[in-house]
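Fold and contact review
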2 protein chains.
Amino acid sequence: MYYPMQEKLKEHITKLVPFSNEEFGFLLSHFEHKKYKKNDFIIKEGKDVNNCYYVISGLLKLVFNDANGKQHIVSFAMEDWWESDFFAYFNQTKAKMSLQCIEDTEVYSISLKNYNKLSLEMPKMERFFLKKSHSGHIASQNRILSFLTSNAKERYLQLLQQQPLLFQRVPKTLLAAYLGVSRETLSRLSS
Amino acid sequence: MYYPMQEKLKEHITKLVPFSNEEFGFLLSHFEHKKYKKNDFIIKEGKDVNNCYYVISGLLKLVFNDANGKQHIVSFAMEDWWESDFFAYFNQTKAKMSLQCIEDTEVYSISLKNYNKLSLEMPKMERFFLKKSHSGHIASQNRILSFLTSNAKERYLQLLQQQPLLFQRVPKTLLAAYLGVSRETLSRLSS
DNA sequence: TCGCATTTGTGATGTTTGTCACGCATTTTT
DNA sequence: AAAAATGCGTGACAAACATCACAAATGCGA
């Protein structure tokens, strides 16, 4: 029997760190497969964050809601991304952000307990997590740099170039909340 | 004989992951101790990035210089911070940023070769690097959030609250380059 | 298919921030 | 000690961006 979801994760992981089929079967047993519908909350602000998520398919937004009711999008999590409210996850505190489905989404989830267990049992898996964390950190730094060096129009053009698919999949309002400009300004930039 | 610098690193590491004196001696042998003077470049844009640095004492800035000759400060690295141009370091490419001393600075440096060697030889050390990388990633996300949710004055006040020491140690011009505002605007905010 | 919510564009206006210019104090260099 | 560079504040003006208001278009559920 063929499991395309498993193959996706397997390729994703072994691209960075090689694993045999047996090893992969073992590490997979630490994950749970879950499906969510559009608009479902995977993580809700104020609640516990028990899991970290690998996106098999679909699209998520990691959102911070400020005191004025405005939403700010820290990241979009697409296919092959790992996402969570990492601070709350690793420190076992309540979520300050929400993780919500923009589209129907399939994920593998791993609890912190299993994350730690797996890291201890399989040093190669800890190596994988380390590499992923490095790229996440680097990606965040690049986003910081775009705020420092670029104005709204330039950030808009950079995103259009780097993630053209996003413009077909999410409403402009959300892109504005990601770019840090108002909806109206974004609308004027794109015309 | 007493080595205060070694003690600093030892405490810094064992706070997250415990090591015996023997183990620490072994891991320390993978590092080099170096001293730099104010204004020295530790990493220079366009050059190779052979090392990652732990700051024993002093103060560094991680800077990106844009096409217009403006400098943008990605981060200040103080005592107990780890810093490098991580993209260039892990991918063995030329530096896109510079790491320069704001004050006379002492560091421990580790080459990528030794970083990988150490990670393989001591799983606990890989665990330490993983935890450090997580906190770096989380810190970057918080910085992104401050750009999304706050205007110049609010970001200025947040920095003042979170890093009050910085205001005594670095010129306002650099703080402005970190906050993403012009020197003049920052000057008006603080008066 | 109808009705309603969501999405998007656009004008008018005000606020925030950047840029250029200047003066003066402080620090560094020679 | 003189000269040069750096740091810092401030005025005047321009550019970027937010906000409020409204209308048209689109999508989606009953």
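In what follows, the accompanying structure is described.

Rules used throughout
- Residues numbered from 1 in each chain as written.
- Chains lettered and ligands numbered in written order.
- Predicted model: local features only at pLDDT ≥ 70, side-chain atom pairs only at ≥ 80, totals over all residues.
- Heavy atoms only, no water.
- Helix = DSSP H or I, 4+ residues; strand = E, 2+ residues; numbered from the N terminus.
- Buried < 20%, exposed > 50% of the residue type's maximum accessible area, 1.4 Å probe, protein only.
- Lys, Arg positive; Asp, Glu negative; His and termini not counted.
- Salt bridge = Lys/Arg side-chain N within 4 Å of Asp/Glu carboxyl O.
- Contact = heavy atoms within 4.5 Å.
- Arc of directions from axis to C-beta.
- Buried area = accessible area lost by both parts, 1.4 Å probe.
- Phe/Tyr/Trp six-rings, centres within 6.5 Å; stacked < 30°, edge-to-face > 60°.
- Lys NZ or Arg CZ within 6 Å of the ring centre and 35° of its normal.
- Least-squares fit on C-alpha atoms with pLDDT ≥ 70 in both.
- Near = heavy atom within 4 Å.
- Polar contact = N/O pair within 3.5 Å; in protein donor to acceptor, adjacent residues only side chain to side chain.
- Nonpolar A, V, L, I, M, F, W, Y, C, P; charged D, E, K, R; others polar.
- Core = buried A, V, L, I, M, F, W, Y, C linked by side-chain atoms within 4.5 Å.
- Axes fitted to C-alpha atoms, helices over the stretch in contact; angles between N-to-C directions.
- Left-handed = near helix turned anticlockwise from the far one by under 90°.
- Pairing = 2+ DSSP bridges.

To continue, consider the side chain of Lys10 of chain B. All names here are of chain B. Examined against the element boundaries, Lys10 turns out to sit in helix H1 (residues 4–14). Glu7 is the oppositely charged side chain nearest to the buried, salt-bridge-free Lys10, at an N-O distance of 5.4 Å. Look past the residues within four positions of Lys10 in its chain and what remains in contact with it is Phe19, Asn21 and Phe24.

For the rest of this paragraph, the subject is helix H2 (residues 21–28) of chain A. All of the buried residues along H2 of chain A are Phe24, Leu27 and Leu28 of chain A. Seen along its axis, H2 of chain A keeps its buried residues to an arc of 100°; they face one direction.

Now for the interface of chain B and chain A. Across the boundary between the two partners, chain B contributes 38 residues, which contact 38 residues of chain A. Both sides together, the interface formed by chain B and chain A hides about 3,300 Å², and carbon and sulfur atoms give 68% of it. On the chain B side of the interface with chain A, the three residues burying the most area are Arg127, Ile144 and Leu148 of chain B, jointly 19% of the side's total. Our count for the contact surface shared by chain B and chain A stands at 2 salt bridges. Between Arg127 of chain A and Glu126 of chain B there is a salt bridge, with its nearest N and O atoms 3.0 Å apart. Taken together, the elements giving at least two residues each to the side of chain B that touches chain A come down to strand E4 (60–65), strand E5 (71–77), helix H3 (86–91), helix H4 (112–121), helix H5 (123–149) and helix H8 (172–179) of chain B. Sorting elements by how many residues they give to the side of chain B that touches chain A places H5 of chain B first, with 19 residues.

Below, the discussion takes up the pattern of salt bridges. All names here are of chain B. Under the criterion given, the structure shown has 18 salt bridges over all chains. Ionic pairing is found between Lys124 and Glu23, a salt bridge with its closest N-O pair at 3.2 Å. Taken together, the positions of Lys124 in helix H5 and Glu23 in helix H2 (residues 21–28) put the pair 101 residues apart, joining distant regions of the chain.

Attention shifts here to the packing of aromatic side chains. Any aromatic ring pair is given by two values, namely how distant the centres are and how the planes are angled relative to each other. Considering all chains together, one arrives at 27 aromatic pairs over all chains under this definition. Seen in terms of ring centroids, Tyr115 of chain B and Phe129 of chain B are 4.2 Å apart; in terms of plane orientation they differ by 25°. Their pairing is stacked. Here the residue Tyr115 of chain B occupies a position in helix H4, and Phe129 of chain B occupies one in helix H5, the gap between them amounting to 14 residues. The buried category is assigned to Tyr115 of chain B, whose relative accessible area is 4%. Phe129 of chain B gets classed as buried once you look at its relative accessible area, which sits at 5%. Positioned over the ring face of Tyr178 of chain A is Arg143 of chain A, at 3.7 Å from the centre of the ring.

Moving on: the relation of the copies chain B and chain A. Superposition of the two copies of the chain requires a rotation about an axis and a shift along the axis. For the pair chain B and chain A, the relating rotation is 180°, the translation along its axis is 0.0 Å, and the fit reaches an RMSD of 0.0 Å. On the angle and the small slide along the axis, the relation comes out as a two-fold axis. Taking C-alpha positions as the reference, the residue of chain B nearest the rotation axis is His137 of chain B, at 2.2 Å. In this assembly, 100% of the residues forming the interface of chain B have copies in chain A that are likewise at the interface, indicating an isologous arrangement.

Neighbouring residues of DNA strand D: 18 residues in total, closest Ala152, Thr185 and Arg188 of chain A together with Lys172 and Arg183 of chain B. Among the atoms of DNA strand D close to the protein, meaning within 4 Å, 45% are from sugar or phosphate groups. Side-chain polar atom of Arg188 of chain A to a base oxygen of DNA strand D: 2.9 Å apart, as the coordinates give it. The contact in question runs from a phosphate oxygen of DNA strand D to an N or O atom on the backbone of Lys172 of chain B, over 2.7 Å. At the level of secondary structure, the elements contributing two or more residues to the surface near DNA strand D comprise helix H9 (183–189) of chain A together with H8 and helix H9 (183–189) of chain B. In the surface near DNA strand D, the residues fall into 3 nonpolar, 7 polar and 8 charged.

What follows covers the nonpolar core. Judged by nonpolar contacts, the single largest core of 84 residues is most densely connected at Leu27 and Met125 of chain A together with Leu27 and Met125 of chain B. Ignoring any residue separated from it by four or fewer positions in sequence, one finds Met125 of chain A in contact with Ile13, Phe19, Leu27 and Leu118 of chain A. Listed in part, the 21 residues of the second largest apolar core include Leu159, Ala177, Tyr178 and Leu179 of chain B.

All names here are of chain B. Contact geometry for helix H6 (residues 152–162) and H8: axes closest at 11 Å, N-to-C directions at 115°. Viewed along their axes, H6 and H8 form a crossing whose handedness is right-handed. Of the residues in H8, those in contact with Arg155, Tyr156 and Leu159 of H6 are Leu175, Tyr178 and Leu179. Grouping the constituent residues of the contact of H6 with H8 by class yields 5 nonpolar, no polar and 1 charged.

The next subject is the pairing of strand E5 (residues 71–78) of chain A. All names here are of chain A. Burial analysis of E5 places 7 of its 8 residues in the buried class, which makes it a mostly covered element. In this sheet, E5 lies alongside strand E4 (residues 59–65) in antiparallel orientation, the contact comprising 7 bridges. In the sheet register, Phe64 faces E5, and the bridge partner there is His72. Between E4 and the antiparallel strand that follows it, E5, lie 5 residues; Gly69 among them carries a positive phi value of about 85°.

On to the protein's contact with DNA strand C. Taken together, 18 residues surround DNA strand C, and among them Lys172 and Arg188 of chain A together with Ala152, Thr185 and Arg188 of chain B come closest. Counting only the atoms of DNA strand C within 4 Å of the protein, the fraction contributed by sugar and phosphate is 43%. Contact distances for DNA strand C include 2.7 Å between a phosphate oxygen and a backbone N or O atom of Lys172 of chain A. At 3.1 Å, a side-chain N or O of Ser187 of chain A approaches a phosphate oxygen of DNA strand C. If you list the elements that add at least two residues to the surface near DNA strand C, you get helix H8 (172–179) and H9 of chain A together with H9 of chain B.

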